[in-house]
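Survey of secondary and tertiary structure
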Amino acid sequence: MRRFTRATLTTWLLAFGVVACGDSATEPEPAEPTALSIVSGDAQTLDTGETSAALTIRVLDQNSAPMSGVTVTFEGSGVAHTLSQQSVATDASGEASVTVTAGSAEGAITVEASITGLTPVVFTATVDQVLVATTISVVSGDAQDLDFNEVSAALVVEVLDQNDDPMEGLTVTFTGSGVSHSLSAGSAVTGANGQAQVTVTAGIVDGAITIEASTASLIPASFGLTVLDAPYSVTAPANLRGITFDGTWLWGVGGPDVSPIIYQISAVDGSVESQFAAPAADHRGLTFDGTNIWYSSDATERIYRIPASTGVSDFSFASPGADPRGLAWDGATLWHNDSEGAGGTVYQLDPSDGSVLDQFTAPVTDPLGLTWDGTHLWTAQLAGAVANMTLVRFTSAGAFVSELPNPGTTQIGLAFDSAGPWLWSADPDEGVIHRLKVTP
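Quick caveat: nothing in here was measured; it's all calculated off a predicted structure.

The rules behind the values
- Residues numbered from 1 in each chain as written.
- Predicted model: local features only at pLDDT ≥ 70, side-chain atom pairs only at ≥ 80, totals over all residues.
- Heavy atoms only, no water.
- Helix = DSSP H or I, 4+ residues; strand = E, 2+ residues; numbered from the N terminus.
- 1 Å grid on protein atoms, 1.4 Å probe; cavity = no way out; pocket = protein on both sides within 12 Å on 5 of 7 lines; lining within 4 Å.
- Points joined across faces, edges and corners; volume = space filled by probe spheres on them.
- Nonpolar A, V, L, I, M, F, W, Y, C, P; charged D, E, K, R; others polar.
- Salt bridge = Lys/Arg side-chain N within 4 Å of Asp/Glu carboxyl O.
- Pairing = 2+ DSSP bridges.
- Axes fitted to C-alpha atoms, helices over the stretch in contact; angles between N-to-C directions.
- Core = buried A, V, L, I, M, F, W, Y, C linked by side-chain atoms within 4.5 Å.
- Buried < 20%, exposed > 50% of the residue type's maximum accessible area, 1.4 Å probe, protein only.

**Points about the environment of glycine 117**
When you line up the elements, glycine 117 lands in the loop between strand S9 (107–114) and strand S10 (121–128). Along the chain, glycine 117 and serine 425 lie 308 residues apart, while their C-alpha atoms are 101 Å from each other.

Given below as structure tokens:
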């Protein structure tokens, strides 16, 4: 048998140990970035000035594991823009992000994300310019002169953007001020040419109209129009005699003598809004006291009170003369003229019972209509040539103040309208109601 000496054994053990050490596990390789990819944020479309959603990349190592702490550099090119950061370290998920804010120019933006040793990845974004209205201006329609009730030519404005190009689809608001008028619309939308338009219809008051066209926060464009002071009349129902004005509507009594009708009449175009039968034949005068219409009849020689809400007389009293004509209301009492006698008489009456409070000789021969303008009375006269049938203003004591020429043929009914101020004058021969300007 072979024997091992102590020296041999020692040598053998040392050799075994060396071999054993040579077979131990190797050290792991350090992580290195091997892949760079886009996670989200590519191919965005931005308005000018808009900030994008995050542009996010991910970094993986050689084992496809996320790498944190890797510095990623972002660099942009293209139309004007800004990046939120130039470089960002990846987080625990291996991701890094920036945002891009578009400038004022439209076009393409490219953002390149890179790390050392790898091919960069590229984000793209497209900037579309936000169009903003910067000017609104008058194209046509300014400085028009209109007759009563006339429709203007188009009032046209143009809206341009920051590039001086027309803005389509923008709402323009039109507002008016001045004497009475109406607009065809309160707003209009611009067309492909950037233009919007309305028309204005004049009322029956002369003077200035201003129309403003506005949009967004721009200084409005302004139109100035003038309604001309001109003779004006509306068509009247047949045989219209007495008239009065309630602040909105004209009221007139016309029709056959045996069965007269009281009409509610538009002061704008003469159309009849409503009507009801008068309480007695042979119609003469009308006036309005704020609630009731007062009516005089030559057939019955009476004066009737008629609530405007019902059209049915609820009270009457005998007229002081045998030939009753015009009626007027001064806010508290009735005034009434009568053609009986050499020149006719004007009476002031207590409306509660018809008693005479005052009376004097009429300032004209054969007086017809009567109205009160707040200070003075007005009447018309039937006697004499047409040219001499003036409309006469006089005091509550009968003193002459002034007169207006006869606007037509035979003026019978009179009504005062403070809006002008005007006198409305019914002319049954011509079948119209004239309107005349009154100098205060």
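**Thoughts on the layout of surface pockets**
Taken as a whole, the largest pocket encloses approximately 250 Å³ of empty space. Contributing to the lining of the largest pocket are 20 residues, with Phe245, Trp329, Thr371, Trp372 and Phe416 lying nearest its centre. Elements represented by at least two residues in the lining of the largest pocket include exactly strand S22 (243–245), strand S26 (283–288), strand S30 (324–329), strand S34 (367–372) and strand S38 (413–417). Considered class by class, the residues forming the lining of the largest pocket number 12 nonpolar, 5 polar and 3 charged.

**Some details on the pattern of salt bridges**
All told, the structure shown has 8 salt bridges when counted by the stated rule. Put simply, arginine 305 and aspartate 314 hold a salt bridge, and the shortest N to O gap is 3.0 Å. Here the salt bridges share partners, and the residues they tie into one network are Asp323, Arg325 and Asp366.

**Some details on the sheet that holds S38**
Pairing is antiparallel in the open sheet, where 4 strands are placed in the order S21-S40-S39-S38. On the outer flanks of this sheet lie strand S21 (232–235) and S38, each paired with one strand and no other. When strand polarity is set aside, the average angle formed by the axes of neighbouring strands in this sheet is 20°. Where S38 and strand S39 (residues 422–427) come together, 5 bridges link them in antiparallel fashion. Looking at S39, one finds that aspartate 417 is bridged to tryptophan 422.

**Overview of the nonpolar core**
Counting 42 residues, the largest nonpolar core has Val157, Trp424 and Ile433 as the members making the most contacts within it. At 4 residues, the largest contribution of residues to this core is made by strand S20 (residues 221–227). Counting residues in each nonpolar core, the second largest holds 25 residues, with Val59, Leu83, Leu118 and Ala125 among its members.

**Description of the sheet that holds strand S19 (residues 207–214)**
Adjacent strands of a sheet pair through backbone hydrogen bonds, lying either parallel or antiparallel. Read across the open sheet, the 5 strands follow the order S12-S20-S19-S14-S16; overall the sheet is mixed. Each having just a single partner strand, strand S12 (144–146) and strand S16 (187–189) make up the two edges of the open sheet. When strand polarity is set aside, the average angle formed by the axes of neighbouring strands in this sheet is 25°. Note: S12 against S20, 3 bridges, orientation parallel.

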